[in-house]
Amino acid sequence: MTRTYWAAGAAVVLAVLFAVGATVATANGPDGGGDRAAPALYSPDAGFARDMAVHHQQAVEMSFIVRDRTQDEPVRGLAYDIANTQANQRGMLLGWLDLWGLPKVVADEPPMSWMQSSEGHGGHGGHEGHAGTKPGALMPGMATKEELERLGAAGGRDAEVLYLQLMTDHHKGGVSMAEACARQCGTPAERALAQGMAEAQQSELTLMADMLKQRGAAPRG
(Lines give C-alpha, C1' and ligand atoms only; values in the text may rest on other atoms or scores of the structure.)
Protein backbone atom coordinates (compact mmCIF):
# COMPACT_ATOMS: atom_id res chain seq x y z
CA MET A 1 0.00 0.00 0.00
CA THR A 2 2.77 2.42 0.95
CA ARG A 3 4.75 1.68 -2.22
CA THR A 4 1.66 2.11 -4.38
CA TYR A 5 0.71 5.36 -2.70
CA TRP A 6 4.24 6.67 -3.15
CA ALA A 7 4.13 5.79 -6.85
CA ALA A 8 0.83 7.57 -7.29
CA GLY A 9 2.15 10.58 -5.42
CA ALA A 10 5.22 10.67 -7.62
CA ALA A 11 3.01 10.54 -10.71
CA VAL A 12 1.01 13.48 -9.37
CA VAL A 13 4.21 15.46 -8.87
CA LEU A 14 5.29 14.67 -12.41
CA ALA A 15 1.92 15.82 -13.73
CA VAL A 16 2.31 19.14 -11.89
CA LEU A 17 5.81 19.53 -13.31
CA PHE A 18 4.43 18.89 -16.80
CA ALA A 19 1.84 21.56 -16.10
CA VAL A 20 4.41 24.11 -14.96
CA GLY A 21 6.60 23.38 -17.94
CA ALA A 22 3.62 23.66 -20.24
CA THR A 23 2.78 27.11 -18.92
CA VAL A 24 6.33 28.32 -19.50
CA ALA A 25 6.36 26.78 -22.96
CA THR A 26 3.20 28.56 -24.01
CA ALA A 27 4.23 31.94 -22.64
CA ASN A 28 5.47 33.04 -26.06
CA GLY A 29 2.95 31.22 -28.23
CA PRO A 30 1.06 27.94 -28.65
CA ASP A 31 4.25 26.01 -29.47
CA GLY A 32 6.59 28.02 -27.23
CA GLY A 33 8.10 29.91 -30.13
CA GLY A 34 5.49 32.50 -30.96
CA ASP A 35 5.50 31.67 -34.69
CA ARG A 36 2.58 29.27 -34.83
CA ALA A 37 -1.08 30.17 -35.24
CA ALA A 38 -3.33 29.63 -32.25
CA PRO A 39 -5.54 26.52 -32.39
CA ALA A 40 -8.88 26.88 -34.15
CA LEU A 41 -12.17 27.10 -32.26
CA TYR A 42 -13.15 23.46 -32.85
CA SER A 43 -9.66 21.97 -32.85
CA PRO A 44 -8.71 19.04 -30.60
CA ASP A 45 -6.48 21.46 -28.67
CA ALA A 46 -9.34 23.82 -27.82
CA GLY A 47 -11.93 21.07 -27.36
CA PHE A 48 -9.72 19.14 -24.97
CA ALA A 49 -8.98 22.27 -22.95
CA ARG A 50 -12.68 23.08 -22.60
CA ASP A 51 -13.85 19.53 -21.86
CA MET A 52 -11.03 18.57 -19.52
CA ALA A 53 -11.51 21.78 -17.53
CA VAL A 54 -15.11 20.70 -16.88
CA HIS A 55 -14.06 17.10 -16.19
CA HIS A 56 -11.40 18.25 -13.71
CA GLN A 57 -13.82 20.56 -11.93
CA GLN A 58 -16.01 17.64 -10.94
CA ALA A 59 -13.02 15.67 -9.63
CA VAL A 60 -12.14 18.63 -7.44
CA GLU A 61 -15.73 18.84 -6.22
CA MET A 62 -15.91 15.14 -5.34
CA SER A 63 -12.59 15.34 -3.53
CA PHE A 64 -13.76 18.22 -1.36
CA ILE A 65 -16.97 16.33 -0.58
CA VAL A 66 -15.22 13.17 0.63
CA ARG A 67 -12.73 15.19 2.66
CA ASP A 68 -15.62 16.25 4.87
CA ARG A 69 -17.27 12.81 4.96
CA THR A 70 -14.44 10.67 6.34
CA GLN A 71 -11.51 10.86 8.73
CA ASP A 72 -9.56 8.15 6.89
CA GLU A 73 -6.14 9.67 6.21
CA PRO A 74 -5.22 7.67 3.06
CA VAL A 75 -8.51 8.66 1.38
CA ARG A 76 -8.22 12.26 2.54
CA GLY A 77 -4.62 12.38 1.32
CA LEU A 78 -5.56 11.02 -2.09
CA ALA A 79 -8.47 13.46 -2.32
CA TYR A 80 -6.15 16.35 -1.47
CA ASP A 81 -3.66 15.32 -4.16
CA ILE A 82 -6.37 14.95 -6.79
CA ALA A 83 -8.03 18.26 -5.90
CA ASN A 84 -4.75 20.17 -5.84
CA THR A 85 -3.36 18.69 -9.05
CA GLN A 86 -6.54 18.91 -11.08
CA ALA A 87 -7.35 22.45 -9.90
CA ASN A 88 -3.90 23.56 -11.06
CA GLN A 89 -4.24 21.78 -14.39
CA ARG A 90 -7.73 23.21 -14.88
CA GLY A 91 -6.36 26.71 -14.40
CA MET A 92 -3.71 25.99 -16.99
CA LEU A 93 -6.21 24.71 -19.55
CA LEU A 94 -8.42 27.77 -19.10
CA GLY A 95 -5.35 29.98 -19.29
CA TRP A 96 -4.44 28.48 -22.65
CA LEU A 97 -7.90 29.28 -23.97
CA ASP A 98 -7.41 32.89 -22.87
CA LEU A 99 -3.96 32.92 -24.47
CA TRP A 100 -5.42 31.63 -27.73
CA GLY A 101 -8.30 34.13 -27.64
CA LEU A 102 -10.88 31.33 -27.55
CA PRO A 103 -14.07 31.04 -25.46
CA LYS A 104 -14.29 28.66 -22.52
CA VAL A 105 -17.78 27.57 -23.57
CA VAL A 106 -19.10 27.02 -27.12
CA ALA A 107 -22.88 26.66 -27.27
CA ASP A 108 -23.05 24.43 -30.37
CA GLU A 109 -20.14 22.16 -29.40
CA PRO A 110 -21.31 18.84 -27.85
CA PRO A 111 -18.97 17.37 -25.24
CA MET A 112 -16.22 15.20 -26.72
CA SER A 113 -16.96 16.24 -30.30
CA TRP A 114 -13.28 17.14 -30.73
CA MET A 115 -12.45 13.44 -30.26
CA GLN A 116 -15.18 12.26 -32.60
CA SER A 117 -14.39 14.68 -35.40
CA SER A 118 -10.67 13.91 -35.14
CA GLU A 119 -11.37 10.20 -35.42
CA GLY A 120 -13.48 10.56 -38.54
CA HIS A 121 -16.98 10.51 -37.04
CA GLY A 122 -18.19 13.90 -38.17
CA GLY A 123 -17.66 17.52 -37.25
CA HIS A 124 -18.70 19.74 -34.40
CA GLY A 125 -22.36 20.08 -33.56
CA GLY A 126 -23.25 16.69 -34.98
CA HIS A 127 -23.44 14.50 -31.89
CA GLU A 128 -25.82 14.07 -29.02
CA GLY A 129 -23.35 12.31 -26.79
CA HIS A 130 -20.32 10.07 -26.64
CA ALA A 131 -20.05 6.32 -26.29
CA GLY A 132 -19.44 5.35 -22.69
CA THR A 133 -21.30 8.32 -21.21
CA LYS A 134 -23.94 7.10 -18.77
CA PRO A 135 -27.39 8.73 -18.66
CA GLY A 136 -27.31 11.91 -16.62
CA ALA A 137 -23.54 12.41 -17.00
CA LEU A 138 -21.98 15.05 -19.23
CA MET A 139 -18.91 13.08 -20.33
CA PRO A 140 -17.44 9.57 -19.93
CA GLY A 141 -16.52 8.85 -16.32
CA MET A 142 -18.34 11.82 -14.87
CA ALA A 143 -20.72 11.29 -11.96
CA THR A 144 -24.40 12.13 -12.19
CA LYS A 145 -26.13 14.64 -9.94
CA GLU A 146 -27.72 11.75 -8.02
CA GLU A 147 -24.33 10.11 -7.44
CA LEU A 148 -22.90 13.36 -6.12
CA GLU A 149 -25.86 13.64 -3.76
CA ARG A 150 -25.27 10.08 -2.54
CA LEU A 151 -21.62 10.89 -1.89
CA GLY A 152 -22.58 13.99 0.06
CA ALA A 153 -25.00 12.01 2.20
CA ALA A 154 -22.65 9.08 2.90
CA GLY A 155 -20.15 8.83 5.72
CA GLY A 156 -17.18 6.77 6.87
CA ARG A 157 -16.46 3.61 4.91
CA ASP A 158 -19.52 4.09 2.67
CA ALA A 159 -18.25 7.52 1.60
CA GLU A 160 -14.73 6.18 1.07
CA VAL A 161 -15.90 3.30 -1.12
CA LEU A 162 -18.28 5.42 -3.18
CA TYR A 163 -15.65 8.12 -3.69
CA LEU A 164 -13.05 5.58 -4.81
CA GLN A 165 -15.53 3.96 -7.19
CA LEU A 166 -16.71 7.26 -8.63
CA MET A 167 -13.16 8.55 -8.98
CA THR A 168 -12.08 5.31 -10.63
CA ASP A 169 -14.78 5.79 -13.28
CA HIS A 170 -13.81 9.47 -13.53
CA HIS A 171 -10.12 8.69 -14.06
CA LYS A 172 -10.89 6.09 -16.72
CA GLY A 173 -12.79 8.71 -18.68
CA GLY A 174 -10.05 11.26 -18.07
CA VAL A 175 -7.31 8.91 -19.24
CA SER A 176 -9.20 8.26 -22.48
CA MET A 177 -9.52 12.00 -23.09
CA ALA A 178 -5.89 12.73 -22.21
CA GLU A 179 -4.57 9.94 -24.42
CA ALA A 180 -6.67 11.27 -27.30
CA CYS A 181 -5.16 14.74 -26.89
CA ALA A 182 -1.66 13.25 -26.64
CA ARG A 183 -2.31 11.73 -30.09
CA GLN A 184 -4.34 14.46 -31.75
CA CYS A 185 -3.58 17.87 -30.24
CA GLY A 186 -1.28 20.06 -32.29
CA THR A 187 0.26 22.07 -29.44
CA PRO A 188 3.38 20.30 -28.14
CA ALA A 189 3.06 21.65 -24.60
CA GLU A 190 -0.57 20.56 -24.40
CA ARG A 191 0.30 17.08 -25.68
CA ALA A 192 2.97 16.81 -22.98
CA LEU A 193 0.53 17.88 -20.29
CA ALA A 194 -2.07 15.40 -21.55
CA GLN A 195 0.47 12.58 -21.48
CA GLY A 196 1.41 13.53 -17.92
CA MET A 197 -2.25 13.50 -16.92
CA ALA A 198 -2.77 10.04 -18.40
CA GLU A 199 0.26 8.59 -16.64
CA ALA A 200 -0.60 10.11 -13.26
CA GLN A 201 -4.21 8.98 -13.40
CA GLN A 202 -3.24 5.46 -14.46
CA SER A 203 -1.04 5.26 -11.37
CA GLU A 204 -3.89 6.51 -9.20
CA LEU A 205 -6.21 3.89 -10.71
CA THR A 206 -3.89 1.19 -9.39
CA LEU A 207 -3.82 2.85 -5.99
CA MET A 208 -7.60 3.17 -5.82
CA ALA A 209 -8.09 -0.49 -6.74
CA ASP A 210 -5.86 -1.42 -3.81
CA MET A 211 -7.72 0.93 -1.47
CA LEU A 212 -11.07 -0.53 -2.51
CA LYS A 213 -9.79 -4.06 -1.95
CA GLN A 214 -8.69 -3.10 1.56
CA ARG A 215 -12.25 -1.97 2.23
CA GLY A 216 -13.79 -5.18 0.92
CA ALA A 217 -15.01 -3.51 -2.27
CA ALA A 218 -14.06 -3.30 -5.93
CA PRO A 219 -14.36 -0.88 -8.85
CA ARG A 220 -17.78 -0.83 -10.48
CA GLY A 221 -18.33 -2.80 -13.66
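What you are looking at is a predicted structure, and each value in this text was computed from that prediction instead of being measured. (Residues numbered from 1 in each chain as written. Predicted model: local features only at pLDDT ≥ 70, side-chain atom pairs only at ≥ 80, totals over all residues. Heavy atoms only, no water.)

(A) Geometry of the packing of aromatic side chains. Across all of its chains, the model carries two aromatic pairs by this definition. Centroid distance Phe48 to Trp114: 5.6 Å. Interplanar angle 80 degrees. Geometry classified as edge-to-face. In this pair, Phe48 sits in helix H2 (residues 44-67) while Trp114 sits in helix H4 (residues 113-118), placing the two residues 66 residues apart along the sequence. Note on Phe48: relative accessible area 0%, which makes it buried. (Phe/Tyr/Trp six-rings, centres within 6.5 Å; stacked < 30°, edge-to-face > 60°. Helix = DSSP H or I, 4+ residues; strand = E, 2+ residues; numbered from the N terminus. Buried < 20%, exposed > 50% of the residue type's maximum accessible area, 1.4 Å probe, protein only.)

(B) Here's a closer look at the environment of Leu138. Relative to the helices and strands, Leu138 is located in the loop between H4 and helix H5 (145-153). Between the alpha carbons of Leu138 and Val54 there is a distance of 9.2 Å; along the sequence they are 84 residues apart. Non-local contacts of Leu138, meaning those with residues more than four positions away in its chain, are made with Val54, Pro111 and Thr133. (Contact = heavy atoms within 4.5 Å.)

(C) Up close: the state of the cysteines. Applying the stated rule across the entire model yields one disulfide. Disulfide partner of Cys181: Cys185, at an S-S distance of 2.2 Å. An S-S torsion of about -120 degrees defines the bridge between Cys181 and Cys185 as left-handed. Judged by its relative accessible area of 3%, Cys185 is buried. (Disulfide = S-S within 2.5 Å.)

(D) Local environment of the packing of H2 against helix H7 (residues 188-214). At a minimum axis separation of 12 Å, H2 and H7 run at an interaxial angle of 35 degrees. Crossing handedness for the pair H2 and H7: left-handed. Facing H2, whose interface residues are Asp45, Phe48, Ala49, Met52 and His56, H7 presents Glu190, Ala194, Met197 and Gln201. Residues belonging to the contact of H2 with H7 are distributed by class as follows: five nonpolar, two polar and two charged. (Axes fitted to C-alpha atoms, helices over the stretch in contact; angles between N-to-C directions. Left-handed = near helix turned anticlockwise from the far one by under 90°. Nonpolar A, V, L, I, M, F, W, Y, C, P; charged D, E, K, R; others polar.)

(E) Spotlight on the side chain of Thr70. Mapped onto the elements of the fold, Thr70 is located in the loop between H2 and helix H3 (73-100). Excluding anything up to four places from it in sequence, Thr70 contacts Val75, Arg76, Gly156 and Glu160.

(F) Spatial organisation of the nonpolar core. In this structure, Phe48, Met62, Leu93, Tyr163 and Met177 are the most contacted members of the largest nonpolar core, which totals 51 residues. Mapped by element, the contributors of at least two residues to this core are H2, H3, H4, H5, helix H6 (156-184) and H7. At eleven residues, H6 tops the list of elements feeding residues into this core. Discounting residues that sit within four places of it in the chain, Phe48 has contacts with Ala53, Leu93, Trp114, Met177, Ala178, Cys181, Cys185, Glu190, Ala194 and Met197. (Core = buried A, V, L, I, M, F, W, Y, C linked by side-chain atoms within 4.5 Å.)

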